[in-house]
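Residues per chain, in single letters:
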Amino acid sequence: MAVYTDVSESQLTAFLADYDLGPLLSYKGIAEGVENSNFLLRTGGGTFILTLYEKRVNRDDLPFFVGLMEHLAERGLSCPLPVHTRAGESLGELSGRPAAIFTFLEGMWTRRPSADHCRAVGGAMARMHAEAADFPLHRANGLALADWRPLFASCDGRADEVEPGLSDEIAAELAFLEANWPTDIPRGIIHADLFPDNVFFLSGELSGLIDFYFACDDLLAYDLAIGLCAWCFESDASFNVTKGRALLEGYAAVRPLLEEELAVLPVLCRGASLRFLLTRLYDWLNTPEGSFVTKKDPKEYLRKLRFHRSVGSSAGYGFDTGRVKA
């Protein structure tokens, strides 16, 4: 469940008084997502999404997140567009939380991604990277390589409770990544969380990207690595090379990849796997039973990490290295 903060009808009516959205008709919580409280909001002016930002989201980052969505929407990328108050503000306060209203995107996320879905996601990711290139605000990645060792330390040496020997395996992987992480490939603003539940499709076509609350400045190819992890594995933890090829080709059709980016793609995929392994491990060990947050199995990303260790080049992901920018 993703409603952590209750909103009364009277509170919401008072909040809406600053907008030209017409009278409140109905609202209900949206039971997906883990970071914020979200409501489906219907007013005389249409259907919208109301988001209350919870404690895991830094208030100081909100102008970046909201501004980025506005910037991308103005450039033609389909993503939620912040609705402004009469005074021109896109952020307000509701039930003691920062809050914003966004336009409603039609579509649903796919539970069973196909190669066509992956190709569309790759293209949308590349367009996002291109259109965000001149966005004036910046935000450091709060879960970058430098943050992984402290995150691992915060698990208090309990990793072996999940799988025997996991603590040593993570320590070895951290040492490898710290010694081999690339620094001299293109950087820019990335989504950093482009999982299937953050991409909507309508009648088989990609209709929008949502949930930009991990967006940050980082290596562009790292976003691709996250995408390969999120979209291209089957339920039995096997990598689907057809989906991998489609995602990478979809991306490269919009923004050709450099040889240097492809050369380090297996390392970036190992890093993406470890990042999600560590955040899941932390939540698995520290989230109390009965919490609103649904714990996700960290071993899913352990299996993905082990696969990426076996990959020697981008060919292991099905990519034709002929489609490379020199």
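Rules and cut-offs
- Residues numbered from 1 in each chain as written.
- Predicted model: local features only at pLDDT ≥ 70, side-chain atom pairs only at ≥ 80, totals over all residues.
- Heavy atoms only, no water.
- Helix = DSSP H or I, 4+ residues; strand = E, 2+ residues; numbered from the N terminus.
- Contact = heavy atoms within 4.5 Å.
- Polar contact = N/O pair within 3.5 Å; in protein donor to acceptor, adjacent residues only side chain to side chain.
- Salt bridge = Lys/Arg side-chain N within 4 Å of Asp/Glu carboxyl O.
- Buried < 20%, exposed > 50% of the residue type's maximum accessible area, 1.4 Å probe, protein only.
- Pairing = 2+ DSSP bridges.
- Phe/Tyr/Trp six-rings, centres within 6.5 Å; stacked < 30°, edge-to-face > 60°.
- Lys NZ or Arg CZ within 6 Å of the ring centre and 35° of its normal.
- Axes fitted to C-alpha atoms, helices over the stretch in contact; angles between N-to-C directions.
- Parallel < 35°, antiparallel > 145°, perpendicular 65-115°, else oblique.
- Left-handed = near helix turned anticlockwise from the far one by under 90°.
- Nonpolar A, V, L, I, M, F, W, Y, C, P; charged D, E, K, R; others polar.
- Expected span 1.5 Å × (residues − 1).
- Disulfide = S-S within 2.5 Å.

(A) Structural detail: the environment of Thr 51. Mapped onto the elements of the fold, Thr 51 is located in strand E3 (residues 46–52). Between the C-alpha atom of Thr 51 and that of Gly 318, which follows or precedes it by 267 residues, the distance is 39 Å. With sequence-adjacent residues up to four places away left out, Thr 51 is seen in contact with Asn 36, Ser 37, Asn 38, Pro 98, Ala 99, Ala 100, Phe 102 and Tyr 213. At 2.8 Å, the side chain of Thr 51 and the side chain of Asn 38 are in polar contact.

(B) Local environment of the pattern of salt bridges. Applying the stated rule across the entire model yields 18 salt bridges. Across the pair Asp 20 and Arg 86 runs a salt bridge whose closest N-O atoms are separated by 2.7 Å. Of this pair, Asp 20 sits in the loop between helix H1 (9–16) and strand E1 (24–29) while Arg 86 sits in the loop between helix H2 (62–74) and strand E4 (92–94); the two residues are 66 residues apart in sequence, bridging distant segments of the chain. We classify Asp 20 as exposed; its relative accessible area is 62%. Put simply, Arg 149 and Glu 178 hold a salt bridge, and the shortest N to O gap is 2.9 Å.

(C) Structural context of the environment of Ala 130. For Ala 130, the position within the fold is in helix H3 (residues 115–131). Along the chain, Ala 130 and Leu 12 lie 118 residues apart, while their C-alpha atoms are 37 Å from each other.

(D) Geometry of the pairing of strand E7 (residues 199–202). Of the strand pairs in this sheet, E7 and strand E8 (residues 205–209) are connected by 4 bridges, and their pairing is antiparallel. Bridge assignment links Val 199 to a residue of E8, and that residue is Leu 209. The turn joining E7 and E8, which pair antiparallel and follow one another in sequence, is formed by 2 residues; a positive phi near 55 degrees is taken by Ser 203.

(E) Structural detail: the packing of aromatic side chains. Evaluation of the coordinates by the stated rule reveals 15 aromatic pairs. Measuring from centroid to centroid gives 5.3 Å for Tyr 53 and Tyr 213, while their planes differ by 75 degrees, and the two rings are edge-to-face. Residue Tyr 53 is found in the loop between E3 and H2, and its partner Tyr 213 is found in the loop between E8 and strand E9 (216–219); the two are separated by 160 residues along the sequence. In terms of burial, Tyr 53 and Tyr 213 fall into one category: buried. Plain terms: the ring middles of Phe 233 and Phe 307 are 5.6 Å apart, the flat faces sit at 90 degrees to each other, and that makes the pair edge-to-face. With Phe 233 in the loop between helix H6 (220–231) and helix H7 (241–254) and Phe 307 in helix H10 (residues 299–309), the pair connects residues that are 74 residues apart, well separated along the chain. By the ring-pair criterion, three or more aromatic residues cluster together here, those being Tyr 53, Phe 64, Phe 65, Phe 135 and Tyr 213. If you follow Arg 111 out to its NZ or CZ, it ends over the ring of Trp 109, 3.9 Å from the centre.

(F) Local environment of the side chain of His 308. Its place among the elements puts His 308 in helix H10. Under the relative-accessibility criterion, His 308 is labelled buried at 1%. Not counting chain neighbours up to four residues away, the residues in contact with His 308 comprise Cys 229, Phe 233, Pro 266, Cys 269, Arg 270, Ser 273 and Tyr 317.

(G) Examining the packing of H6 against H7 more closely. It is at 10 Å that the axes of H6 and H7 come closest, and there the two elements cross at 150 degrees. By the angle class used here, H6 and H7 are roughly antiparallel. Pair H6 / H7 crosses with right-handed handedness. Across from Leu 220, Leu 224, Gly 227, Leu 228 and Trp 231 in H6, the residues of H7 making contact are Lys 243, Gly 244, Leu 247, Leu 248 and Tyr 251. Considered class by class, the residues forming the contact of H6 with H7 number 7 nonpolar, 2 polar and 1 charged.

(H) Up close: the side chain of Arg 270. Among the structural elements, Arg 270 can be located in helix H9 (residues 265–286). Looking at Arg 270, the relative accessible area reads 12%, which means it is buried. Reaching out from Arg 270, the side chain makes a polar contact with the side chain of Glu 173 at a distance of 2.7 Å. Each residue touching Arg 270, except ones within four places of it in the same chain, is listed here: Glu 173, Phe 176, Leu 177, Leu 305, His 308 and Arg 309.

(I) Summary view of the sheet that holds E1. As summarised here, the arrangement of the 5 strands in space is E1-E2-E3-E5-E4, forming an open sheet in which the pairing is antiparallel. The sheet is open, and its two borders are formed by E1 and E4, each paired with just one other strand. Across the sheet, the axes of successive neighbouring strands diverge by a mean angle of 35 degrees, strand direction being ignored. As defined by bridge partners, E1 adjoins strand E2 (residues 37–43) across 5 bridges and the pair is classed as antiparallel.

(J) How the structure looks around H6. When the terminal C-alpha atoms of H6 are compared, their 17 Å separation across 12 residues agrees well with the 16 Å that a helix rising 1.5 Å per residue should span. Counting buried positions over the 12 residues of H6 gives 12, a clear majority of the element. By the burial criterion, the buried members of H6 are Leu 220, Ala 221, Tyr 222, Asp 223, Leu 224, Ala 225, Ile 226, Gly 227, Leu 228, Cys 229, Ala 230 and Trp 231.

(K) Layout of the state of the cysteines. Summed over the entire model, instances satisfying the criterion amount to 0 disulfides. Sulfur of Cys 79: no disulfide; nearest cysteine sulfur belongs to Cys 216 and is 16 Å away. We classify Cys 79 as buried; its relative accessible area is 5%. Cysteine Cys 269 is unpaired, with the sulfur of Cys 229 as its nearest cysteine sulfur at 5.2 Å.

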